[in-house]
Amino acid sequence: MADRLTVAAARRIAIAAQALEVPHDARPSAGRVTAGHIAALLRRIQLLQIDSVNVLSRSHFLPVFARLGPYDRDLLARLSERQPRRLMEYWAHEASFIRPEHFADLRVWQRRRWVGLSAPAAAEHEAIAAGLTEMLGRSRPMTATGLAAALEHDHAVDRVSWGWNWTPTKRVLEHLFEQGVVGAAGRTPQFERRYTLAERVLPPALRDALEPDRPAAADRLTEAAARALGIATTRSVADYFRLPVKAVTESLGRLADAGVVRPVTVAGLDRPHWLHTAARRPRRVEGRALLSPFDSLIFHRPRVEELFGFHYRIGIYTPPERREHGYYVLPFLLGEHLVARVDLKADRQRGVLLVQAAYAEPDTAGAAGAGAAPDTAPERVATELAGELVTMAGWLGLGDVVVAPRGDLAARLARAVSER
């Protein structure tokens, strides 16, 4: 018989699977986080999504801070840019740092057609690809701009097609990157990829691996996603690595037969869920974290709404007049609830962490059947949030936290910050 869980129990499982259950004062002391800590974290959550927006911090830095507290951001470069790499960049949920062990499995499931090349320019693209791979085979890692200059490509920017106004050189590079022919050796300070051959990025032990069977690759990725989520619907599991729902459905069936996952029902939720059999089922979680808009706990927005009763849309893709809570809005996790959201900006010129808006959640009891919320009164939320903001400001090298008078939590939060 399938397990039947409350929403609160499912929520705690999800938080623990994402390594967010530990009290903030139990995290490693400032300056004590090592590369080993981060590698161990990636074995739990599997990936860090990358995004270019830097209004607060590059997004891949924030999930590590949320789970481990203040750390040296150069550690991520050490893990992803030096051999043997324990992280590498590839397409997963979106552009992400992944564990190299997943590279071959992800490669056989890539289907990002928007990266593809147009048929009318196939001959030109083939010639560009040959020149790029030959150059990268005999050079140090190079940016798209550097490669175009070295190969004397004189391309006009495509300002008609959807995308980022890529030149043909950049488009071919991205196609080769998706195919797994070209990899990223790192990023420049301007966040440009430094391309090289993928075989040079992979750890030596993985360079000669045979191309995996697609169902077997799907099984491994599905198991990793289910483990990272703890409990989730089929669609949420598929969304983690952006795999086809049909393939994940079949994989979950095979994993269930093997005793790796099992079906469960969650009271008040219509859709069936899968529980990873290794998932912890804590009675209490005590984490405190500001979550990047690209944090893996909140990847799948329908899941966030079901488990946390939290409707969330990122503001950066929304016209200013339609933004409800701000531009770069981070949910605030306290215990087992998402209790607030803050629009944050690192004002580097002034040396302050600017809270442009702060809102308390009107109902922290969560989704249907969640039961009564713990003591998440606005005063406590403001106090805990102030503590996390002050810690974040110090980590970012900012001297102060300034709270703007926007949002129903702003006044209380400003007082709590002033008292620290």
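Residues numbered from 1 in each chain as written. Predicted model: local features only at pLDDT ≥ 70, side-chain atom pairs only at ≥ 80, totals over all residues. Heavy atoms only, no water.

**Side note on the overall build of the protein chain**
The number of helices and strands found in the protein chain is 15 helices and 14 strands. Taking 22 Å as the expected radius of gyration for a compact globule of 420 residues, we find that the protein chain reaches 22 Å, a close match to that expectation. Across its three principal axes, the protein chain shows a C-alpha extent of roughly 65 × 60 × 45 Å. In the protein chain, 68% of the contacts between residues at least 6 apart in sequence involve partners at least 24 apart. In the protein chain, 57 side chains carry a positive charge and 48 a negative one; their mean positions are 3 Å apart. (Helix = DSSP H or I, 4+ residues; strand = E, 2+ residues; numbered from the N terminus. Rg over C-alpha atoms; globule rule 2.2 N^0.38 Å. Contact = heavy atoms within 4.5 Å. Lys, Arg positive; Asp, Glu negative; His and termini not counted. Charge placed at Lys NZ, Arg CZ, Asp CG, Glu CD.)

**So, the packing of helix H11 (residues 234–241) against helix H12 (residues 245–257)**
Between H11 and H12, the least distance of the axes is 9 Å, while the angle of their chain directions is 115°. Between H11 and H12, the interaxial angle falls into the category roughly perpendicular. For the element pair H11 and H12, the recorded crossing hand is right-handed. Residues Thr234, Arg235, Val237 and Ala238 of H11 form the contact with H12, whose own contacting residues are Val245, Val248, Thr249 and Leu252. (Axes fitted to C-alpha atoms, helices over the stretch in contact; angles between N-to-C directions. Parallel < 35°, antiparallel > 145°, perpendicular 65-115°, else oblique. Left-handed = near helix turned anticlockwise from the far one by under 90°.)

**Some thoughts on the environment of Arg78**
Looking at where Arg78 falls in the secondary structure, it is placed in helix H4 (residues 74–81). Taking relative accessible area as the criterion, Arg78 reaches 40% and is therefore assigned partly exposed. As a C-alpha pair, Arg78 and Ala414 span 336 residues in sequence and 37 Å in three-dimensional space. (Buried < 20%, exposed > 50% of the residue type's maximum accessible area, 1.4 Å probe, protein only.)

**Observations concerning the confidence of the model for the protein chain**
For the protein chain, mean pLDDT is 91; residues scoring 70 or higher make up 91% of the total. Across residues 365–372, confidence stays below pLDDT 50; counting only partners more than four residues off in sequence or on other chains, it has 23 contacts. (pLDDT = per-residue confidence, 0-100.)

**Details of helix H1 (residues 7–17)**
The buried fraction of H1 amounts to eleven of the eleven residues, a majority that puts the element mostly inside the structure. Listed in full, the buried residues belonging to H1 are Val7, Ala8, Ala9, Ala10, Arg11, Arg12, Ile13, Ala14, Ile15, Ala16 and Ala17. Following H1 by one or two positions, Ala19 has its phi on the positive side, about 60°.

**A short note on unusual backbone geometry**
With an omega of -10°, the peptide bond running from Gln83 to Pro84 counts as cis. If you trace the backbone, Pro84 turns up in the loop between H4 and strand E3 (88–91). At Phe191, a residue that is not glycine, the phi angle is positive and equals roughly 75°. The residue Phe191 is located in the loop between strand E5 (182–187) and strand E6 (193–197) in this model. Using a relative accessible area of 13% as the deciding quantity, one classes Phe191 as buried.

**Structural notes on helix H2 (residues 35–45)**
All buried positions along H2 are accounted for by Ala35, Ile38, Ala39, Leu41, Leu42 and Ile45. All buried residues of H2 fall inside an arc of 160° around its axis, so they share one side. Where H2 ends, the next residue or the one after it, Gln46, has phi of about 75°, a positive value. (Arc of directions from axis to C-beta.)

**Some remarks on the pattern of salt bridges**
Side chains that differ in sign of charge can pair as their charged atoms come close. With the rule as written, the count across this model stands at 28 salt bridges. Across the salt bridge formed by Asp219 and Arg254, the nearest N and O atoms sit 2.9 Å from each other. Residue Asp219 is found in helix H10 (residues 214–229), and its partner Arg254 is found in helix H12; the two are separated by 35 residues along the sequence. Looking at Arg254, the relative accessible area reads 34%, which means it is partly exposed. Ionic pairing is found between Glu286 and Arg284, a salt bridge with its closest N-O pair at 3.9 Å. The exposure class assigned to Glu286 is partly exposed, which follows from its relative accessible area of 43%. For Arg284, a relative accessible area of 64% puts it in the exposed group. Through salt bridges with shared partners, a single ionic network connects Glu89, Lys170, Glu174, Arg187 and Arg193. (Salt bridge = Lys/Arg side-chain N within 4 Å of Asp/Glu carboxyl O.)

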